[in-house]
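This is what each chain is made of:
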Amino acid sequence: MSEEEEKAPEKPESPYQTRGFRFVIGTVASALLTGLASEMLNQSLDSGGWVQLIGLGVTVLLGAITIIQYGPAIRRSWQHSGDSAPELHATAEEAEQWMIALGSHAGGMAAAEWYALHEEWLRELLMAEKPHVDTIDDFARICDALEAWYVRRADPDALLQLSDLLSAAAEVCGRRDLAELAAARAATAYRMLGDLDTATTRLGISDNIATHTRTAAAMTTRRQVERALLSLARADRSPAGNDRDEAVLNARERLDEARLKRPGPDLAADVAIAVNLAVVHLYQQDAEGALDHLRPAVARATAAGDLSGQAHALELMGVAAWMQDNKHEAVSRWDHAAHLYAEVDEREGHARCLQHLGSAEVTAGRLSAGLELLEQSAMLRTSESQILTKYLEAARQTAQLPVVADDAPRRTVGWLKRVLRSLRGFVGRSV
């Protein structure tokens, strides 16, 4: 027997196990008391006289004991859902306010700090909360807030767990609209994990349980954008040729449909769709077409105070400028985007821009400056980047520059594919 097994009996009993044991004992005791009272009442009624009075007295006494012993527990059980409702509602209000501030000009950094401090507590609250029809909407609002954080932090595992929690709660409460959202959220998580087939299946499930509520149009738009992102992910995996071109065209069709059918004015959705349409044009070697979407995207993001969206658009404008061999403008765009990402503590975007700037320095032969920027990028990165590794090696060893630097971006499909692979944060900007 292992040491852990020997120590197991000493583990203190959890409060949930204790409550369960007391519940069983209480149930049995209540049944015995009820049976005894019934029998005595029956006998006393048959006997009459003073025996009857004694029997009635004993029955009343037993009933009083039962009420005194188990009344508070029953009352607490009835009030349990009501007790948690105010706290859950207040938490949902706070989380929603910080979600709106996340990535914005006003409070973006503070929102990131709030999420960093409270994310674990919010998740534990959801896991401990018993689904109830009166609190399910607040439950879902907290899920929405956490989704924004997990997508930003590129944490698909946590996003998938969040989807499972919402799906289970929706099933208990009979909320098809939330089940539809949970399935779409799972599709996003599986795409981020690289499991494109499962992501497609989950989108199909979301379609099958789609409702006709006031949020139906927004959910349809979300699924269209998600399918476009899946097509771009497939294009990224495909070699140049018909399959890749078909995937890119499919992404463009989905995004155009999402743009035309989105439910009312929504600056955030407009920015997300425009950014992804720009990615489509970059895949098609059409830098000017990409800029046609990115210029209004920057304007809309600025009007909305969305620094994150503005930074995304500016970063892609830098890629388009580099394709047009306008390196000075590309560096200017990337530098601006890097500062905006830093203002809202969006580290992945900041790391990408530092990588672009460092690569440009290495390409220009300024290895020391390039090395400093690339090392800063590596420190901020939470995922590996082959391009970053190649440029770091070139800067440190003064070896031959990577193929990426020598390719003509306007002519070489391979160059663009490698650059877009380093911009995975864009091929994932959902509404």
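What counts and how
- Residues numbered from 1 in each chain as written.
- Predicted model: local features only at pLDDT ≥ 70, side-chain atom pairs only at ≥ 80, totals over all residues.
- Heavy atoms only, no water.
- Axes fitted to C-alpha atoms, helices over the stretch in contact; angles between N-to-C directions.
- Helix = DSSP H or I, 4+ residues; strand = E, 2+ residues; numbered from the N terminus.
- Parallel < 35°, antiparallel > 145°, perpendicular 65-115°, else oblique.
- Left-handed = near helix turned anticlockwise from the far one by under 90°.
- Contact = heavy atoms within 4.5 Å.
- Nonpolar A, V, L, I, M, F, W, Y, C, P; charged D, E, K, R; others polar.
- Expected span 1.5 Å × (residues − 1).
- Buried < 20%, exposed > 50% of the residue type's maximum accessible area, 1.4 Å probe, protein only.
- Phe/Tyr/Trp six-rings, centres within 6.5 Å; stacked < 30°, edge-to-face > 60°.
- Arc of directions from axis to C-beta.

As annotated in an unreviewed UniProt entry, the protein carries the name Tetratricopeptide repeat protein and comes from Kribbella rubisoli.

A. Representation of the packing of helix H4 (residues 108–128) against helix H5 (residues 136–152) within the structure. As a packed pair, H4 and H5 sit with axes 10 Å apart at the nearest point and diverge in direction by 130 degrees. Here H5 runs oblique to H4, going by the angle between their axes. When the axes of H4 and H5 are compared, the crossing they make is left-handed. Where H4 abuts H5, its residues Ala112, Tyr115, Ala116, Glu119, Leu122, Arg123, Leu125 and Leu126 lie against Phe139, Ile142, Cys143, Ala145, Leu146, Trp149, Tyr150 and Arg152. Residues that form the contact of H4 with H5 fall into these classes: 13 nonpolar, no polar and three charged.

B. Structural view of H5. When the terminal C-alpha atoms of H5 are compared, their 25 Å separation across 17 residues agrees well with the 24 Å that a helix rising 1.5 Å per residue should span. With 13 of 17 residues buried, H5 lies mostly within the body of the structure. With its phi angle positive at about 55 degrees, Ala154 sits one or two positions after the end of H5.

C. Looking closely at the packing of aromatic side chains. The full count for this structure, using the stated rule, is four aromatic pairs. Joined through ring pairs, the aromatic side chains of Trp98, Trp114, Tyr115 and Trp149 make up one cluster.

D. Helix H14 (residues 327–343), seen in detail. Here H14 is 17 residues long and its end C-alpha atoms lie 25 Å apart, about the 24 Å a rise of 1.5 Å per residue gives. Of all the positions in H14, only Ala330, Trp334, Ala337, Ala338, Leu340 and Tyr341 are classed as buried. Around the axis of H14, the buried residues are gathered within 165 degrees of arc, so they sit on the same side. The elements touched by buried residues of H14 are helix H13 (307–323) and helix H15 (347–363).

E. Looking closely at unusual backbone geometry. Phi at Gln285 is positive, roughly 60 degrees, even though this residue is not glycine. You can see Gln285 is positioned in the loop between helix H11 (267–283) and helix H12 (287–303). Located in the positive-phi region is Asp325, a residue other than glycine, with phi close to 65 degrees. With respect to the helices, strands and loops of the structure, Asp325 is situated in the loop between H13 and H14. For Asp325, a relative accessible area of 45% corresponds to the partly exposed category.

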